[in-house]
Amino acid sequence: MKLNDYQEKAMTTCLASCKNEVYAINGLQAEVGEIADKIAKWVRKGICRIDNNHLVFNTSDEEVVNEYQEELAKEVGDCLWFIALCSRQLGYTLEEVAQMNIDKLRDRATRNVIIGEGDNR
Ligand SMILES: [Mg+2]
């Protein structure tokens, strides 16, 4: 699926009352929080642990691990929905935002400033 196709389809589910920047940004933050919340609760319950910055599930049952990973992927999808909304509210397609990001990263890599600080380095 192309990003713009996704954006077009996703935005057909956007209610009129949600077509604004505040809802888009706050919704994105909330969805990112849902990912962090799931991981925190799983760590608390001993379902998984953080090992060398990686999420490691405390089971060898692949089916169970896949279910947890799918839960996280669905939350990532929710983030994508809000990113699509943010992009549209700012007047961009998702593909334009993606291309702008790749262009920025390539430029930084070319100039050897991937590691550094500042939005406009
Ligand atoms: Mg969600």
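Cut-offs and rules
Residues numbered from 1 in each chain as written. Predicted model: local features only at pLDDT ≥ 70, side-chain atom pairs only at ≥ 80, totals over all residues. Core = buried A, V, L, I, M, F, W, Y, C linked by C-beta atoms within 7 Å. Buried ≥ 20, exposed ≤ 12 C-beta atoms within 10 Å, placed from the backbone. Contact = placed C-beta atoms within 7 Å. Pairing = 2+ DSSP bridges. Helix = DSSP H or I, 4+ residues; strand = E, 2+ residues; numbered from the N terminus. Axes fitted to C-alpha atoms, helices over the stretch in contact; angles between N-to-C directions. Parallel < 35°, antiparallel > 145°, perpendicular 65-115°, else oblique. Nonpolar A, V, L, I, M, F, W, Y, C, P; charged D, E, K, R; others polar. Expected span 1.5 Å × (residues − 1).

Asks: Mind showing me how you'd approach the nonpolar core here?
Replies: Buried together is how nonpolar side chains tend to be arranged in soluble globular proteins. Formed by Ala24, Phe82, Ile83, Ala84, Leu85 and Leu94, the largest nonpolar core amounts to six residues. Once residues lying within four places of it in the same chain are set aside, the contact partners of Ala24 are Phe82, Leu85, Cys86 and Gln89.

Asks: Before we go on, may I ask you to explain the pairing of strand S2 (residues 54–57) in this structure?
Replies: Strand direction decides the pairing type here: strand S1 (residues 48–51) and S2, joined by four bridges, are antiparallel. Considered in S2, the bridge of Cys48 is made with Phe57. Linking S1 back to S2 in an antiparallel pair, the connection comprises two residues, with Asn52 at a positive phi of about 55°.

Asks: Explain the environment of Asn101 here, please?
Replies: Tracing the sequence through the fold places Asn101 in helix H4 (residues 94–110). The spatial distance from the C-alpha of Asn101 to the C-alpha of Val113 is 15 Å, given a sequence separation of twelve residues.

Asks: Is there a simple way to think about the packing of helix H1 (residues 3–11) against helix H3 (residues 62–89) in this case?
Replies: Packed helices, taken two at a time, are described by their axes: the angle between them and the distance between them. Taken N-terminus to C-terminus, the directions of H1 and H3 make an angle of 95°; their axes are 9 Å apart at the nearest point. The pairing of H1 with H3 is recorded here as roughly perpendicular in orientation. Facing Tyr6, Gln7, Ala10 and Met11 of H1, the residues of H3 in contact are Trp81, Ala84, Leu85, Ser87 and Arg88. When the residues that make up the contact of H1 with H3 are grouped by side-chain class, the tally is six nonpolar, two polar and one charged.

Asks: What's the story with unusual backbone geometry in this structure? I'm lost.
Replies: Residues other than glycine predominantly adopt negative phi, and peptide bonds predominantly adopt the trans conformation. With a phi angle near 55°, Asn52 is a residue other than glycine that sits in the positive phi range. As for its position among the elements, Asn52 is in the loop between S1 and S2. Despite not being glycine, Asn53 has its phi angle at roughly 70°, a positive value. If you trace the backbone, Asn53 turns up in the loop between S1 and S2. Residue classification places Asn53 among the exposed residues on the basis of 5 C-beta atoms within 10 Å.

Asks: Explain H4 here, please?
Replies: Residues that lie three or four places apart on an α-helix share one face, since the helix turns once every 3.6 residues. In this model, H4 (17 residues) spans 24 Å end to end at C-alpha, consistent with the 24 Å of a helix rising 1.5 Å per residue. Asn112 sits one or two residues past H4 and shows a positive phi near 60°.

Asks: Just checking my understanding: could you explain the environment of Glu117 for this structure?
Replies: Position of Glu117 relative to the elements: it lies in the segment after H4. Sequence separation of Glu117 and Lys104 is 13 residues, and the distance between their C-alpha atoms is 14 Å.

As far as function goes, none of this settles anything; it's purely spatial.
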